Amino acid sequence: MAHTLSAKKRVRQNEKRRLINKSYVTMMRNSTKKFLKAFDAKDLNSSEELYKNAIKTIDKIGGKGVIKKNQASRRVSRLTHKINQLRLETK
């Protein structure tokens, strides 16, 4: 347990940041899951809309440092590959 006032404050701040970061990660996972569900249903219109939303969320979280920038880039790349695959199939 922390003894000094500054250490106690850091514990409080870290807990607050942990909860905020957890909500960001949950938001990212939910937006990705929604896109993947539309992708599995082969629905191009809703997939493109959900793709944009997922990319926006992932980039936002990567920029804040909740996930590393390379991980954000990798996630975006994988989703982009899937949407391109769906575009080719529906042509």
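Residues numbered from 1 in each chain as written. Predicted model: local features only at pLDDT ≥ 70, side-chain atom pairs only at ≥ 80, totals over all residues. Heavy atoms only, no water.

For the rest of this paragraph, the subject is the packing of helix α1 (residues 5–40) against helix α2 (residues 44–64). The geometry of α1 relative to α2 is characterised by a closest axis approach of 9 Å and an angle of 155° between their N-to-C directions. Relative to α2, the element α1 lies roughly antiparallel. Where α1 crosses over α2, the two elements pack in a sense that is left-handed. Facing Tyr24, Val25, Met27, Met28, Ser31, Thr32, Lys34, Phe35, Ala38 and Phe39 of α1, the residues of α2 in contact are Ser46, Ser47, Leu50, Tyr51, Asn53, Ala54, Thr57, Ile58, Ile61 and Lys64. Looking at the contact of α1 with α2 residue by residue, the classes come out as 12 nonpolar, 6 polar and 2 charged. (Axes fitted to C-alpha atoms, helices over the stretch in contact; angles between N-to-C directions. Helix = DSSP H or I, 4+ residues; strand = E, 2+ residues; numbered from the N terminus. Parallel < 35°, antiparallel > 145°, perpendicular 65-115°, else oblique. Left-handed = near helix turned anticlockwise from the far one by under 90°. Contact = heavy atoms within 4.5 Å. Nonpolar A, V, L, I, M, F, W, Y, C, P; charged D, E, K, R; others polar.)

The next subject is the side chain of Ser31. Within the secondary structure, Ser31 is located in helix α1. Contacts of Ser31, omitting those with residues within four sequence positions, involve Asn53, Ala54 and Thr57.

Right, let's talk about the pattern of salt bridges for a bit. Per the stated rule, a full pass over the model turns up 3 salt bridges. With a shortest N-O distance of 2.9 Å, Arg87 and Glu48 are connected by a salt bridge. With a gap of 39 residues between them, Arg87 in helix α3 (residues 69–89) and Glu48 in helix α2 connect regions that are remote in the sequence. Accessibility expressed as a relative area gives 33% for Arg87, which makes it partly exposed. (Salt bridge = Lys/Arg side-chain N within 4 Å of Asp/Glu carboxyl O. Buried < 20%, exposed > 50% of the residue type's maximum accessible area, 1.4 Å probe, protein only.)

This model, assessed by the stated rule, comprises 2 aromatic pairs. Summarising the aromatic geometry, the rings of Phe35 and Tyr51 are spaced 5.9 Å apart at their centres and angled 55° between planes, so their arrangement reads as tilted. Residue Phe35 is located in helix α1, and its partner Tyr51 is located in helix α2; the two are separated by 16 residues in the primary sequence. Accessibility assignment for this pair places Phe35 and Tyr51 in one class, buried. These aromatic residues form a ring-pair network of at least three members: Phe35, Phe39 and Tyr51. Just above the ring of Phe39 sits the side chain of Lys42; from NZ or CZ to the centre is 5.4 Å. (Phe/Tyr/Trp six-rings, centres within 6.5 Å; stacked < 30°, edge-to-face > 60°. Lys NZ or Arg CZ within 6 Å of the ring centre and 35° of its normal.)

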